[in-house]
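Chain residues, written in single-letter form:
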Amino acid sequence: MLNFKNTLSQALSCAIKKISPESELSASELLSMLEYPPSRDMGDIAFPCFKLSKSLRKAPPVIASLLSEAMDKVEYLAKAEVAGGYLNFFIDDSYFTDGILDKVISEGDDYGKSDSGKGKTLVIDYSSPNVAKPFHIGHLGTTVIGHSLKKLHEFCGWNAIGINHLGDWGTQFGKLIVAYKLWGNKEQIEEGGIDKLVELYVRINNTIKGDPENGIPARDDLADQSRAEFHKMEIGDEENIALWKWFIEISLNEYEKTYKQLGITFDSYAGESFYTDLMPAQVQRLRDKDLLKIDDGASIVDLSEYNMPPCLILKRDGSTLYPTRDIAAAVYRKEHYNFDKCVYVTSNQQILHFQQWFKVLELMGYEWYGELVHIPYGTVSIGGMKLATRTGNVILLKDLFKMAVEKVKAIMEEKNPDLENKDEVAEAVGIGAIVFYYLTNSRIKDNDFSLEDALSFEGNTGPYAQYTYARCCSIIEKAGGVPEKSLTSGYEPQAAEAALCRVLSLFTEKVNDAITDSEPMVITRYILDICAAFNRFYHDCPILSANEDNARAFRVRLTEATKTVLGNAFGLICLKKTPKI
Ligand code: ARG
């Protein structure tokens, strides 16, 4: 509907000039004021006249009626109605039914794309699990929000680089090495993979902590040993470095499986360790700028002036910290990729961390600090399922996926036992259900998961969306392909058809909104709008059994257009297309 909004804002701009010649409002300013009314009986587009009452020095209803009289004729505008302080515009159904189907069908996979990001580079840092710690449901957010934001930017022409900033450096590796030497062996880990590593990691942590209440003392000696093993890593000890590399390889193999299930690939796996050699230069710059203060032996940047606790740069023993690595990584990325925007997707528990080191970067004189954006999200829990896994009381992402896929398989066994590629479809639907459910809510809200709700084929869920997609595919297959436009001539679409076309016309705007708000939810909800409009159409209008040939042709084309927009939108939120369910 963007084209119509453009034409409308131009007409409004001329009308305002007529009412008030000295007015300076441009069409693009007016464009951003246009709104979509909450329901269609209030029109397709509304102009809130109170936004002009100050500059025109008139009451909003007066402005609304003056504008409606002063406006020139706009093609496809059926009527403009004054409603209080609003001027509501009703667009002729033919605007939606005339052009949109051809556009969607001819553009296909490209429908909805724009080149608003052409020539611009986005670096996006997401997923980024900590090696040897469990990859749990808390990582679902960063993984799918991050990937979705990457896809959205690519869709708008950005050159997007996805980086998995693996937590692959730090004292946890010292602990793991101690645990491995005490209790592990090669065969065990080769067989058990990451689960075994996490088990060792949990065991060493628990052993260090002890259980003093029950007479099991804490083991500070093991904590000291762990630090010593990590220190050996820092000075390049061959044996420890080899172990460390091996632990990472095992973990990556496992992550890759999860990423593959989601259809996610990264452009770089440069984790925290990658920046080791680049940190001294940044620490030196901090010193040169006189920003470092010594506090109880540690080096910090005092941020009290900005109402923040200090940012820790070096520990007492001189080793670097999480913020130090982030600073070095940002400088590297700017030099290496020359980004226009660098986005970090993490849980909201890290808001302060990002505020702190973004400020430090500014103080260091890096003028591009404003191009760094932190995108936080709320926490995830699973209602009613206090599932304890072998790794303690966290739920692993792969276990959640496995559960969902098994449940879908059981449902399919009942609903459609003869389906081909049952396993593949169950995986696409099961995992899609989790992702879709997660992305139906605003990212910042805490998310309580109900597997039952997520997997329902009836609610506003992933399976429902994928099922609608499959329904479109099946109709087109039965129709023997997509008819030419000429075969629809003379057909007058009905209300449900015009309403569906109208929804399909909104895709580009939805993509823009999702990028502006960094909110994949906009796409998920849009998919639900399409499904609702399609199912209303399907209910109201017989497709293959339509009485007239031109009606049948129009409806099959409309089904094809729906399938295309759904498929393109699925691609933006890690949801796989399912031609058959
Ligand atoms: N590894 C971190 C974690 O799991 C997330 C890293 C986010 N990215 C960054 N550049 N700090 O909490």
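In this report, we go over the structure that sits alongside the text. Predicted, not measured: the structure shown is a model, and the values here were computed from it.

### Some thoughts on helix H6 (residues 138-155)
Between the first and last C-alpha of H6 there are 27 Å, a value that for 18 residues agrees with the 26 Å anticipated at 1.5 Å per step. Within H6, 15 of the 18 residues are buried, which leaves it mostly tucked inside the rest of the structure. Count one or two residues on from H6 and you reach Gly157, which has phi positive near 90°.

### Things to note about the site of the ligand
The immediate surroundings of the ligand are formed by Asp125, Ser128, Asn130, His139, His165, Tyr322, Asp326, Tyr344, Thr346, Gln350 and Phe354. Residue Asn130 places a side-chain N or O atom 2.8 Å away from a nitrogen atom belonging to the ligand. The side chain of Asp326 places a nitrogen or oxygen atom 2.7 Å from a nitrogen atom of the ligand. Protein contact buries 89% of the 350 Å² of open area that the ligand shows by itself. Among the secondary structure elements, those contributing two or more residues to the shell around the ligand are helix H12 (322-337) and strand S9 (341-347). Here the residues of the shell around the ligand sort into three nonpolar, six polar and two charged.

### Some details on unusual backbone geometry
Not every positive phi belongs to a glycine, and Asp290 is a case in point at roughly 60°. Mapped onto the elements of the fold, Asp290 is located in the loop between helix H11 (279-288) and strand S6 (292-295). Its relative accessible area of 67% is what places Asp290 among the exposed residues. If you check the backbone angles, Asn421 has positive phi at about 45° while not being a glycine.

### Focus: the environment of Asn159
Mapped onto the secondary structure, Asn159 falls in strand S5 (residues 159-163). Relative accessible area serves as the criterion here: at 43%, Asn159 is assigned to the partly exposed category. Within the structure, Asn159 has its side chain in polar contact with the side chain of Thr121 (distance 3.4 Å).

Thresholds, definitions, all that
Residues numbered from 1 in each chain as written. Predicted model: local features only at pLDDT ≥ 70, side-chain atom pairs only at ≥ 80, totals over all residues. Heavy atoms only, no water. Helix = DSSP H or I, 4+ residues; strand = E, 2+ residues; numbered from the N terminus. Expected span 1.5 Å × (residues − 1). Buried < 20%, exposed > 50% of the residue type's maximum accessible area, 1.4 Å probe, protein only. Near = heavy atom within 4 Å. Polar contact = N/O pair within 3.5 Å; in protein donor to acceptor, adjacent residues only side chain to side chain. Areas by Shrake-Rupley, 256 points an atom, 1.4 Å probe, with all protein chains shown as cover. Nonpolar A, V, L, I, M, F, W, Y, C, P; charged D, E, K, R; others polar.

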